[in-house]
Structures are given as structure tokens and as C-alpha cells.
There are 2 protein chains.
Amino acid sequence: MDITIFGKGNMGTAIGKNFEAAGNQVAYYTSKDHVDSFGDLVILAVPYPALASIADEYGDSLKGKVVVDITNPLDFNTFDSLVVPADSSAAQELQAKLPDSKVLKAFNTNFAATLESGSVDGVTKTTVMVAGDDDDAKQSFKSALADSQLAVIDAGKLKRARELEAFGFLQMTTAASKQINWTGGFGVIK
Amino acid sequence: MDITIFGKGNMGTAIGKNFEAAGNQVAYYTSKDHVDSFGDLVILAVPYPALASIADEYGDSLKGKVVVDITNPLDFNTFDSLVVPADSSAAQELQAKLPDSKVLKAFNTNFAATLESGSVDGVTKTTVMVAGDDDDAKQSFKSALADSQLAVIDAGKLKRARELEAFGFLQMTTAASKQINWTGGFGVIK
């Protein structure tokens, strides 16, 4: 599968390595690059505030694409709240801005180090939780990672992004207070 | 410490065993019993709808007590939403009903089987996340479990109960869809 990743930070890089290891073609861009053509799967590995401008600039090009939001929309000044409305999520906001794209929420519950290593501090396999309204899009996402070191589970419809973002928020505050390591976190144990 | 547990179901029983193993005295009641005196720590191991009636009946007796809400306020008809307002939580509602008690949120992120066994499917130690506004209350709670098989981490102020309830909700839907076992779940890996 041809995959486009916006973002060359630690998340974009770690995510891309997994898609590459699973046999996909990955092209990397930053928000400053101009992108002429997109793969079928587009990962927005950018901070939350960048989502709106990408949606504005590339909305037409992203029609029909599977677009993956990985953000944790924290208020990074206070580390004490999310900046999205309590009854919504970054992913649902993005879907509203890109009505003709198939938006998925994924990777926001995984720390970058666990995507790199493939395990949560050596204890359990790194598991990606994915939510979205389009079942085929979720299946494509899952297939693209099938031969990677990561497990993928289905977290439900896109509205479950609210809970995934709460999970990611809690995991980040727990690491910020040094009660877990950034190489660990909340592992999915079957 | 003298501990009162409302609820003799699988959660109340598993929670009580851990407090007993750590050297505390535990008295168990159901919502139908009349309780004359309470311990310093009161665990409400009851379904969410029972919280309001317990608060109404025992509000005066619970003044000054540490009161622990363990509920996951799901809509069990749909398994698709929480029944509390998006910007609140069962724990914050309970604190509003019991303004002179010290309400904590705890145990809602732990499946009963993991509280019984002390591990998340044998992979990592069962870790209780506790949130609350009163630091002394959280410290008492933590001390009471210090000699148990459980680890305890501080999830922050009571407002973090929103995220803990989202976490519990997501864990339950993931188990209901058979992607994790009820003996497993989301383990805290340091």
C-alpha cells in the first residue's frame, strides 16, 4: 500500500518504520512541504493544532482517502485538560472538516518508544487501538500492519475517539508525573 | 484501618480480600442492609444507579469519611455511551452529593479477576489508579493497600475521574467484543 505520512517527528518516524517493515511504500512530508499526490492511507503525525490547516489546504486531495489522526489534543500549558469539547474529539472534528475522507483514530494510545520497540517496556506487544466509522478503512489499516511487529485491535466507531483521547491523556499525565516510563504505558493484555 | 464495603458482588469481594490481606478490618453490606456505623474508608462497590440512593440515605454518616466510587457508568442497554454528562463523571457527581466527604475514584479500571489474582492475565501486576481532591485521603487509601498484592498510582485530582471512566468504558467494550479477556485488560506497565 502507498502511505503518506505528514510529520517527521518521533511518532511519524516510528509509525512509518512499522508500515515499511510490513511491506508498504511510505513517503514522508512535513506540514511545510507541498504534497502533490497522496497514498491511499494518509497519517497525520502532527500536533493537534496542525490538523485544521492540513484539512484546509488538502481537503480536496484527501477525498476518498483513509486519513489517520494520531493526536492527543492536550492543553500543554496546564497538562490538565483536553482542548476539544468534552462531547467530541480531535478525530470527530477532523471528520467534520473532511466529510469525504474516511477518518480513523489510531496510535494516540501508543508512546513513540513502544512503536519503535514493538513492546511496552518488554512486557507485552505494542497494540494499536483504531476507531472509525468505515469498516473497510479499518480493515485496510489493519492489513497494512499485518506483517509488522504491532498488534491492532478495533476500538469501535469514530465516537470512541473520545475515550481513546482520554486514555492517551491519562497515559501522558501518568508519565509526566513519573509514575510510568515513556517506554512503558498502558499495555493491552489479552 | 476499619473499612466498610457496600456490595458483595465480584468487585466488592475481590476488593475486600485485598484490604483484608493488607491487615485491615473489612465489614461488608449490601444496599439493602441498614448500616449503623462506618469505617474511615467506605467503598461503594455497587452499580452506578445505586450511588444516589446511598448518598441520600447515608449522607450525614459519611461526613468526613473517605468514600470510594468504583463505578463504570455505562449505558448497559447500548454499551455505546456513558450515562453521565460528557464534562463530568460518576465520581464528581457523587462528590457534589457528598460535599463533606472525601470522594475518591478507584478500582473502575480493574477487572474483578485481576483484583482477585493480583495480575493482569499473569503479565503484569494489577495496578489501581486513584483520583481525588484530598491528598490525605489518597494517602490513606494507598497506605491501606500497601501490604496487598496490588500496586496503586495517583491519577490526579477528582476531575481525572472523567478519563478513568473513559478508560474503564473502553476496556469493557474491548472485552465485550472479545478482543481482550476479562482476566486481562489494560495493564499499567512502568
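Owing to the predicted nature of the structure, the values given are computational and were not obtained by experimental measurement. (Residues numbered from 1 in each chain as written. Chains lettered and ligands numbered in written order. Predicted model: local features only at pLDDT ≥ 70, side-chain atom pairs only at ≥ 80, totals over all residues. Heavy atoms only, no water.)

The next point concerns the overall build of chain A. Along the backbone of chain A there are six helices and ten strands. Since a compact globule built from 190 residues should have a radius of gyration of about 16 Å, the 15 Å found for chain A is in line with a globular shape. Considering only C-alpha atoms, chain A reaches an extent of 45 × 35 × 30 Å along its principal axes. For chain A, the accessible surface area stands at approximately 7,500 Å², while carbon and sulfur atoms represent 46% of it. Looking at chain A, you have 17 positive and 24 negative side-chain charges, and the mean spots of the two groups are 4 Å apart. (Helix = DSSP H or I, 4+ residues; strand = E, 2+ residues; numbered from the N terminus. Rg over C-alpha atoms; globule rule 2.2 N^0.38 Å. Areas by Shrake-Rupley, 256 points an atom, 1.4 Å probe, with all protein chains shown as cover. Lys, Arg positive; Asp, Glu negative; His and termini not counted. Charge placed at Lys NZ, Arg CZ, Asp CG, Glu CD.)

Under the feature "domain: Pyrroline-5-carboxylate reductase catalytic N-terminal" (unreviewed entry), the UniProt entry names residues 38–73 of chain A. Between the C-alpha atoms that bound residues 38–73 of chain A there is a distance of 25 Å. The span itself is 31% helix and 22% strand. (UniProt positions renumbered as here; feature names shortened; annotations may be inferred.)

The next point concerns the layout of surface pockets. All names here are of chain A. By volume, the largest pocket is sized at about 510 Å³. Along its surface, the largest pocket is lined by 24 residues, and M11, I70, N72, F76 and M172 are the ones closest to its centre. Per-element accounting of the lining of the largest pocket gives the leading share, three residues, to helix 6 (residues 161–176). Its residues assigned to classes, the lining of the largest pocket comprises 16 nonpolar, eight polar and no charged. (1 Å grid on protein atoms, 1.4 Å probe; cavity = no way out; pocket = protein on both sides within 12 Å on 5 of 7 lines; lining within 4 Å. Points joined across faces, edges and corners; volume = space filled by probe spheres on them. Nonpolar A, V, L, I, M, F, W, Y, C, P; charged D, E, K, R; others polar.)

Our next topic: helix 2 (residues 49–58) of chain B. Residue and element names in this part refer to chain B. Buried within helix 2 we find A50, L51, I54, A55 and Y58. Buried residues along helix 2 cover an arc of 135° about the axis, so they all sit on one side. Exposed side chains of helix 2 directed beyond 90 degrees from the buried face belong to P49 and D56. (Buried < 20%, exposed > 50% of the residue type's maximum accessible area, 1.4 Å probe, protein only. Arc of directions from axis to C-beta.)

Moving on, we come to the interface of chain B and chain A. Taken residue by residue, the interface counts 32 residues in chain B and 32 residues in chain A. Buried area between chain B and chain A, summed over both chains or domains, comes out near 2,800 Å², and the portion from carbon and sulfur atoms is 62%. Scanning the region where chain B abuts chain A turns up four salt bridges. Notably, a salt bridge pairs D80(B) with K159(A), separated by 2.9 Å at the nearest N-O pair. At the boundary of chain B with chain A, the tally comes to eleven residue pairs in polar contact (both at pLDDT 80 or more). (Contact = heavy atoms within 4.5 Å. Buried area = accessible area lost by both parts, 1.4 Å probe. Salt bridge = Lys/Arg side-chain N within 4 Å of Asp/Glu carboxyl O. Polar contact = N/O pair within 3.5 Å; in protein donor to acceptor, adjacent residues only side chain to side chain.)

Averaged over every residue, the pLDDT of chain A is 97; residues scoring 70 or more account for 100%. Here the complex is predicted with pTM 0.98, and the ipTM for its interfaces comes to 0.97. (pLDDT = per-residue confidence, 0-100.)

For the rest of this paragraph, the subject is the pairing of strand 8 (residues 127–132) of chain B. Residues and elements named next belong to chain B. The buried fraction of strand 8 is high, at six of six residues. In strand 8, alternate side chains face the same way, and those of T127, M129 and A131 on one face and V128, V130 and G132 on the other are all buried. Pairing analysis gives two bridges linking strand 5 (residues 102–105) to strand 8, with the strands arranged antiparallel. Residue pairing for strand 8: K105 is matched across the bridge by A131. The β-α-β motif built from strand 8, the intervening helix 5 (residues 135–144) and the parallel element strand 9 (residues 151–156) has right-handed crossover chirality. (Pairing = 2+ DSSP bridges. Right-handed = clockwise from strand over helix to strand, strands pointing away.)

Residues and elements named next belong to chain B. The strand order across the open sheet built from seven strands is 2-1-3-4-5-8-9, with neighbouring strands paired in mixed fashion. The sheet is open, and its two borders are formed by strand 2 (25–29) and strand 9, each paired with just one other strand. Across the sheet, the mean angle separating the axes of adjacent strands is 25° when strand polarity is ignored. Taken together, the four bridges between strand 1 (residues 2–6) and strand 3 (residues 41–44) define a ladder with parallel strand orientation. Paired with I5 across the strands is I43, a residue of strand 3. Against the sheet, helix 3 (residues 90–97) engages strand 3, strand 4 (66–69) and strand 5, with an angle of about 170° to strand 5. Its contacts with the sheet put helix 6 (residues 161–176) on strand 4, strand 5, strand 8 and strand 9, and the angle it makes with strand 8 is roughly 145°. (Axes fitted to C-alpha atoms, helices over the stretch in contact; angles between N-to-C directions.)

The next subject is the relation of the copies chain B and chain A. Structural alignment of chain B on chain A gives an RMSD of 0.0 Å, achieved by rotating through 180° and translating 0.0 Å along the axis. What the superposition gives is, in effect, a two-fold axis relating one chain to the other. A high fraction, 100%, of the interface residues of chain B reappear at the interface in chain A, so the copies pair face to face through one surface. (Least-squares fit on C-alpha atoms with pLDDT ≥ 70 in both.)

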